[in-house]
Amino acid sequence: MTHRKLEQHEIEQALNQLNTEASQDWAIEDEKLSKTFKFKDFQHAFGFMTMCAIYAEKQDHHPEWFNVYNKVSIQLTSHDVSGISNKDFDLAKKMETFALSV
């Protein structure tokens, strides 16, 4: 799979698939793949962020995120291709898995 900026129709198709497999909450905002996760408390939110950070570092693909207490707002984009790529959707799927495990 080549790492490249996805075309609009590819983004829409991948977003529909992600929302079918996940929780229906992913959207495109500011030309980035976006979602806000809500957890039981700060400890669970931070645990989620820790798992995501370790995985993201291994993939050399880092989220833009913001945390307040039990909420983690995330935006994904591939800066090296100036847009959304398959790397963003792959990371989003992994984040869904991590969110279920905390």
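Quick caveat, the model's predicted, so the values are computed rather than measured.

With that settled, the discussion passes to the packing of aromatic side chains. Counting across every chain of the model gives six aromatic pairs. Relative to Phe46, the ring of Phe42 lies with its centre 5.8 Å away and its plane at 40 degrees, an arrangement referred to as tilted. With a gap of four residues between them, Phe42 and Phe46 both fall in helix 2 (residues 42-59), about one helical turn apart. The class for Phe42 is partly exposed, based on a relative accessible area of 39%. Three or more aromatic residues joined by ring pairs form one cluster here, namely Trp26, Phe37, Phe39 and Phe48.

Attention now moves to a nonpolar patch on the surface. Where nonpolar side chains cluster on the molecular surface, the patch consists of Phe42, Phe46, Phe66, Val68 and Tyr69 and spans about 550 Å² of accessible area. Broken down by secondary-structure element, the contributors of at least two residues to the nonpolar patch are helix 2 and strand 3 (64-68).

Looking now at the environment of Thr36. Among the structural elements, Thr36 can be located in strand 2 (residues 32-38). A relative accessible area of 43% places Thr36 in the partly exposed class. In this structure, Thr36 is in contact with Lys71, Val72 and Ser73, ignoring residues within four places of it in sequence.

Pairing between strand 3 and strand 4 (residues 71-76): five bridges, direction antiparallel. Directly across from Glu64, in strand 4, lies its bridge partner Gln75.

Mapped onto the elements, Met95 comes out in helix 3 (residues 86-101). What makes Met95 buried here is its relative accessible area of 0%. Remark: the alpha-carbon pair of Met95 and Met49, spanning 46 residues in sequence, is separated by 9.0 Å.

What counts and what doesn't
- Residues numbered from 1 in each chain as written.
- Predicted model: local features only at pLDDT ≥ 70, side-chain atom pairs only at ≥ 80, totals over all residues.
- Heavy atoms only, no water.
- Phe/Tyr/Trp six-rings, centres within 6.5 Å; stacked < 30°, edge-to-face > 60°.
- Helix = DSSP H or I, 4+ residues; strand = E, 2+ residues; numbered from the N terminus.
- Buried < 20%, exposed > 50% of the residue type's maximum accessible area, 1.4 Å probe, protein only.
- Patch = residues over 30% accessible without salt bridge, like charges linked within 9 Å, V, L, I, M, F, W, Y side chains within 5 Å.
- Areas by Shrake-Rupley, 256 points an atom, 1.4 Å probe, with all protein chains shown as cover.
- Salt bridge = Lys/Arg side-chain N within 4 Å of Asp/Glu carboxyl O.
- Contact = heavy atoms within 4.5 Å.
- Pairing = 2+ DSSP bridges.

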